[in-house]
Amino acid sequence: MSNNIVIGNYAGFNIFEPAPEIIPESLKIVTEKNAVNQNFLSEMSPDEKMKPGKSITGSFIYAHAPDYVGNYTLNWGVPEWKKAFEKLRKKQVDTVILQASVWNELNEVYYSSKTFSSFNGWNVVEPMLHAAKEAGMTVFLGGYGSISGWNMNLNDKDVLLEIERQTTCLSELLRYRELFDGVYYSPETAFRGVRDLQREQRLHWIYQTYFSKIKEMAPEKKILMSPASKWIPGKEEDFIASWLALFDDVPLDILAPQDSIGCSGCTLDVMPQMWKLWRTVTDRAGITLWANIELFERMEFGGPEPFKTASADRIRQQCRAVAPFVEKCICWEALYFDLP
């Protein structure tokens, strides 16, 4: 478990919350970045704000959000999921990505599992998949969720355990293989501005080994992952080199980076530069590029509702900024936050 994360409990389930000592500095950064975004939008003309961008046609879904209460689905059956997918269809969303079927650090599992039977369990995956099939949704199914990608002290033992658990979870989920189209790799990560070659090698070990196992076990499935974007001026070449090292000989099909506008890793004014870097990486690695548009704005840290829906102007600008670079926009997430 990261030293920067604690576990809270709301509505009978666990969520990640920030450790109290990191909140003041984190809130300062968020306030500054939100002000940059507001200033950027205020300088745009009304005509500029109405120019079209890339439409959002995919959304993450979940058993419950990992760090806020949100619109949790732990006790939904097929009827509730069908209603949700009808709502998404009306918004032109044709693709959904279940964030995770297991959350290791939250000690939770969302399908009937022998491997994770000691975890707190709910039946989420099966009714969701049946409803998605009826709704004609394309589904990317997240498997074993963990914070391994944020572990700055990743060791060989951690790597081997991660690969084992990812593979075991997928083998259990393949009982539903006719009901989903792709596999979502749930752990997130980011380039933080300084290359750590040993850590890169270990993350590459996970990606290369596990993604190759996916292709062996379910060659028909596309593989999707969604790292965070952190804009760090002056580190562009290191950014490219780091990601190319991570993806070397890795059979990843689709990269859908979080645009990180909601979580303040990037701001509207530098989005074109950020996405030019992502496109350089994916072009060189032979990977399809999507964008994961964040629909939220952070108001505080911790508690059940630390986020609100961002303004429609901000979201539209996010979609405009990525349009020249990506094939598809997905979002976090349209069942709770409003999609303009």
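Residues numbered from 1 in each chain as written. Predicted model: local features only at pLDDT ≥ 70, side-chain atom pairs only at ≥ 80, totals over all residues. Heavy atoms only, no water.

Mind showing me how you'd approach the pattern of salt bridges here?
Any two side chains of opposite charge can pair, so long as their charged atoms come close to each other. Summed over all chains, the structure comprises 10 salt bridges. Measuring nitrogen to oxygen at the nearest pair gives 3.6 Å for the salt bridge that ties Arg-316 to Asp-313. Of this pair, Arg-316 and Asp-313 are both found in helix 9 (residues 312-322), three residues apart, which corresponds to roughly one turn of the helix. (Salt bridge = Lys/Arg side-chain N within 4 Å of Asp/Glu carboxyl O. Helix = DSSP H or I, 4+ residues; strand = E, 2+ residues; numbered from the N terminus.)

I keep staring at helix 1 (residues 23-42) and nothing clicks. Help me out?
Every α-helical turn comprises 3.6 residues, leaving residues that sit three or four positions apart pointing alike. For helix 1, which comprises 20 residues, the first-to-last C-alpha distance of 28 Å matches the rise-based estimate of 28 Å (1.5 Å per residue) to within 8%. Structurally, helix 1 contributes buried residues whose contacts are with helix 2 (46-49), strand 14 (296-298) and helix 9. (Expected span 1.5 Å × (residues − 1). Contact = heavy atoms within 4.5 Å.)

What is the right way to look at the environment of Val-183 in this model?
Looking at where Val-183 falls in the secondary structure, it is placed in strand 10 (residues 182-185). It is 6.4 Å that separates the C-alpha atoms of Val-183 and Lys-221, two residues lying 38 residues apart in sequence. With near-sequence residues (within four places) excluded, Val-183 lies in contact with Phe-140, Leu-141, Leu-170, Tyr-210, Ile-214, Lys-221, Lys-222, Ile-223 and Leu-224.

Help me understand the nonpolar core in this model?
Note that soluble globular proteins tend to have their nonpolar side chains buried in a common cluster. Formed by 112 residues in total, the largest nonpolar core has its most connected members in Phe-85, Met-128, Phe-211, Trp-275 and Ile-293. Ignoring sequence-local partners within four residues, the contact set of Phe-85 consists of Ile-61, Val-96, Met-128, Ala-131, Ala-132, Ala-135 and Met-137. (Core = buried A, V, L, I, M, F, W, Y, C linked by side-chain atoms within 4.5 Å. Buried < 20%, exposed > 50% of the residue type's maximum accessible area, 1.4 Å probe, protein only.)

What should I look at first to understand the sheet that holds strand 11 (residues 222-225) in this one?
Strands pair in a sheet through their backbones, by hydrogen bonds, and they do so in one of two ways: parallel or antiparallel. Around the barrel, which closes on itself, the eight strands sit in the order 3-4-8-10-11-12-13-16 with parallel pairing between neighbours. Relative to strand 4 (residues 95-98), strand 3 (residues 56-61) runs parallel, the two sharing four bridges. Bridge assignment links Gly-58 to a residue of strand 4, and that residue is Thr-95. Its contacts with the sheet put helix 4 (residues 125-135) on strand 3, strand 4 and strand 8 (138-142), and the angle it makes with strand 8 is roughly 165°. (Pairing = 2+ DSSP bridges. Axes fitted to C-alpha atoms, helices over the stretch in contact; angles between N-to-C directions.)

Looking at this structure, I do not really get the packing of helix 3 (residues 78-90) against helix 4. What am I missing?
Each packed pair of helices is defined by two parameters, the angle between the axes and the distance between the axes. Axis separation between helix 3 and helix 4 bottoms out at 8 Å; the angle between their running directions is 45°. Relative to helix 4, the element helix 3 is oriented oblique. Both helix 3 and helix 4 take part in a crossing whose hand is right-handed. Within the contact between the two elements, helix 3 uses Val-78, Trp-81, Lys-82, Phe-85 and Arg-89 and helix 4 uses Pro-127, Met-128, His-130, Ala-131, Ala-132, Glu-134 and Ala-135. Of the residues in the contact of helix 3 with helix 4, the class split is eight nonpolar, one polar and three charged. (Parallel < 35°, antiparallel > 145°, perpendicular 65-115°, else oblique. Left-handed = near helix turned anticlockwise from the far one by under 90°. Nonpolar A, V, L, I, M, F, W, Y, C, P; charged D, E, K, R; others polar.)

Looking at this structure, how should I read helix 3?
Over its 13 residues, helix 3 runs 18 Å from end to end, which matches the ideal 18 Å to within 8%, given 1.5 Å per residue. Residues Trp-81, Ala-84, Phe-85 and Leu-88 constitute the buried set of helix 3. Looking straight down helix 3, one finds that the buried residues subtend no more than 100° of arc, so they occupy a single side. Residues Pro-79, Lys-83 and Lys-90 are exposed on helix 3 and point more than 90 degrees away from its buried face. Of the surrounding elements, those touching the buried residues of helix 3 are strand 3, strand 4 and helix 4. (Arc of directions from axis to C-beta.)

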